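Structure at a glance
Spelled out, the chains give:
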Amino acid sequence: FFFLQPSALEQHSGRYLSHLHLISSDIAFLSIMSSCKNLDGKFTVESASCKYTDDAIIADYSYETTVVEGNVVKPSTTKMQFKTERKVGKTGVMLVGLGGNNGCTCVAGALANKLNITWETKEGTQKPNYWGSLLMASTVKLGNDRTGNSVYTPMHNMLPLLDPNDIVWGGWDINGTNLGDAMKRSKVLDIDLQNKLYPLMKDIKPLPSIYFPDFIAANQGERADNVLTGTKQEQMDQIRKDIRDFKSSNSLDQVILLWTANTERFSAVEEGVNDTAENILSSIEMGEAEVSASTVFAVASILEGTTFINGSPQNTFVPGVIELARQKKVFIAGDDFKSGQTKMKSVMVDFLVSAGIKPVSIVSYNHLGNNDGKNLSAPSQFRSKEISKSNVVDDMVASNRILFEEDEHPDHVVVIKYVPYVADSKRAMDEYTSEIFMGGKNTIVMHNTCEDSLLATPLIYDLVILGELCRRVQIKKDGEGEDWESFHPVLSLLSYMLKAPLVPNGAPVVNALFTQRCAVVNLMRACLGLAPDNHMTLEHRFESTLAALGEVGNDGPASKKMKLG
């Protein structure tokens with residue numbers, strides 16, 4: 001193979017050719033490769049299916065699915081409308097664990113971006129960015145131009161979205177260190193950036209938080225100098241007051257709570273304690289021991305009508321909390337940030353199974369030295385993390401009965417060790433052993449150095465931005481009245497960012513990463529009356545359609561180089 005520059009072709013033909021037949025011992029083809037174009041500015045959909053008003057975007061949409069009944073397959077179409085409010089209200093985010101590595105890095109990153117603070121490293125001048133954020137740093141294919149070139153746009157350009165630069169930050173922590181010193185303690189950001197941010201963060205102090213020692217590792221006791229006192233009911237009442245005060249003092253339209261604090265042990269789900277909404281409220285009032293701090297925060301958030309997102313693996317959302325969220329029609333989402341090793345696993349296993357390769361053994365090892373690793377060194381807290389990490393392959397395995405029998409699963413082992421020296425620079429090592437053609441074996445070994453908080457922090461932005469968007473989107477199905485319907489209170493659309501996605505009762509759990517991403521992208525397209533994106537690209541697969549594109553593109557080049565093979 002070799003490449004021929006367009007200028008050389010122009011000298012001979014005066015324009016680009018879609019195919020050039022060369023006479024030689026073999027027949028070869030010279031083909032133009034379509035280029036990608038980027039649309040950075042705002043765009044408008046011109047379609048009878050999409051209407052813009054001052055307040056909303058209203059789109060007609062045909063939701064097409066396929067129903068399988070025994071051996072009969074039936075296409076199904078549901079006509080509906082999407083309504084998306086255009087105004088993004090002033091939003092505050094309260095982090096539980098504000099002074100931890102994730103919390104202070106989250107605030108620091110938003111400040112650096114908002115104020116465009118640059119800093120020096122040995123590699124030179126660094127500029128702030130939101131890299132690692134699905135919504136702020138990735139693009140989606142919007143469509144094709146008239147010559148068949150793919151046109152991409154930033155995902156945050158699709159709909160009116162919350163800008164993390166505009167978020168008002170606050171929250172709680174069991175440790176009272178101000179955010180400037182917490183940032184220095186975390187050792188996540190470069191020192192020059194820390195020095196520039198310190199004056200902006202030293203006066204931000206977390207509110208006193210809830211501390212139930214039985215639910216987190218005993219080694220966290222030395223940090224707990226900023227805690228609430230009183231009964232569980234009194235502590236929940238104080239959290240509710242904190243939310244109201246934060247909202248009013250900052251003139252906010254809405255508040256979102258997000259747990260980025262310590263991993264707790266699992267709570268026992270007990271009849272009469274946390275199995276119903278009524279019982280969980282009663283249990284908090286009675287001070288039941290099996291009600292965790294994260295559950296108290298979730299209940300307080302729901303009672304205040306604010307979305308609650310759980311970024312840790314414990315079962316914060318016991319049945320009573322989910323029932324309460326449904327009763328109050330308040331959004332909840334969880335569990336556990338999916339940032340490094342597990343995100344790679346959800347890609348790798350999807351690839352293997354989709355390729356017809358059978359993974360039979362998955363062994364995952366981690367060591368890290370931040371406070372998260374210290375807390376996870378306790379067996380009960382590690383068990384919470386082990387559960388969330390281990391279930392990530394289940395849906396992909398279940399999708400292929402050629403490879404796996406019913407109830408057959410790969411051997412899957414997860415190990416986490418605390419090594420203080422490596423601090424926030426987590427090491428993850430994975431071995432994937434698979435069975436391949438005719439009894440063969442294939443082994444893939446991967447080493448991943450994860451800057452833990454720098455991978456997790458963009459997920460916090462994404463969870464908040466997408467959670468806020470869901471509040472402004474409603475649907476109305478044809479023939480089912482005039483009332484608009486909001487999303488189910490359990491926001492499964494946020495699954496892309498989470499290891500153990502919480503889904504409504506009866507809904508399937510999806511862990512495959514790109515399937516989760518497609519759900520977000522196609523939901524945004526539906527809000528604009530656009531069909532789901534697909535990769536058929538029929539316009540590039542037939543002589544007639546390629547010829548038609550060539551006619552349109554005769555007036556200018558479609559790519560910078562052409563490949564001869």
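Structure: see above.
Residues numbered from 1 in each chain as written. Predicted model: local features only at pLDDT ≥ 70, side-chain atom pairs only at ≥ 80, totals over all residues. Heavy atoms only, no water.

1. A few points about the packing of aromatic side chains
Worth spelling out the cut-off: For Phe, Tyr and Trp, where Trp contributes only its six-membered ring, two rings pair if their centres lie within 6.5 Å, and the inter-plane angle classes them as stacked under 30 degrees, edge-to-face over 60, or tilted in between. Only runs of H or I of at least four residues qualify as helices and only runs of E of at least two qualify as strands under DSSP, and these elements are numbered from the N terminus. Relative accessibility decides the category of a residue: with a 1.4 Å probe and only protein chains considered, values under 20% of the type maximum give buried, values over 50% give exposed, and everything between is partly exposed. For a lysine, the NZ atom is tested; for an arginine, the CZ atom; a charge sits over a ring if that atom is within 6 Å of the ring centre and within 35 degrees of the ring normal.
According to the stated counting rule, one finds 6 aromatic pairs in the structure shown. Ring geometry for tryptophan 259 against phenylalanine 297: centres 6.0 Å apart, planes inclined by 70°, an arrangement best described as edge-to-face. One end of the pair, tryptophan 259, is in strand β15 (residues 254–259); the other, phenylalanine 297, is in helix α8 (residues 293–303), and 38 residues separate them in sequence. The class of tryptophan 259 is buried, set by a relative accessible area of 4%. Counting every residue linked through ring pairs, the aromatic cluster contains Tyr130, Trp169 and Tyr461. Directly above the ring of phenylalanine 212 sits lysine 232, whose terminal nitrogen or CZ lies 4.4 Å from the centroid. Geometry around phenylalanine 215 places arginine 265 over its ring, the cationic atom sitting 4.1 Å from the centre.

2. Topic: the nonpolar core
Formally: Note on terminology: a nonpolar core comprises buried Ala, Val, Leu, Ile, Met, Phe, Trp, Tyr and Cys residues joined through side-chain atoms within 4.5 Å.
Counting residues in hydrophobic clusters, the biggest one holds 70 residues, and the most contacted among them are Phe82, Trp169, Leu197, Leu494, Met497 and Met524. Ranked by residue count, the leading element in this core is helix α14 (residues 452–471), at 10 residues. One finds Val168, Trp259, Val291 and Val296 within the second-largest nonpolar core, a separate group that totals 37 residues.

3. Considerations on helix α4 (residues 179–186)
Cut-off, in case you're wondering: In this description, the arc belongs to the directions extending from the helix axis to the C-beta atoms. Identification of polar contacts relies on pairs of N or O atoms within 3.5 Å, with a donor-acceptor requirement for protein atoms, meaning one able to donate a hydrogen and the other able to accept it, and with residues adjacent in sequence counted only if both atoms are side-chain atoms.
Restricting attention to buried positions, one finds in α4 the residues Leu179, Gly180, Ala182, Met183 and Ser186. Seen from one end, α4 has its buried residues packed into an arc of 165°, which puts them on one side. By the N-cap criterion, in which a side-chain oxygen at the helix start approaches the backbone nitrogen of a residue two or three places on, α4 is capped by asparagine 178, the distance to glycine 180 being 2.9 Å. Two residues or fewer past α4, lysine 187 is found with a positive phi of approximately 55°.

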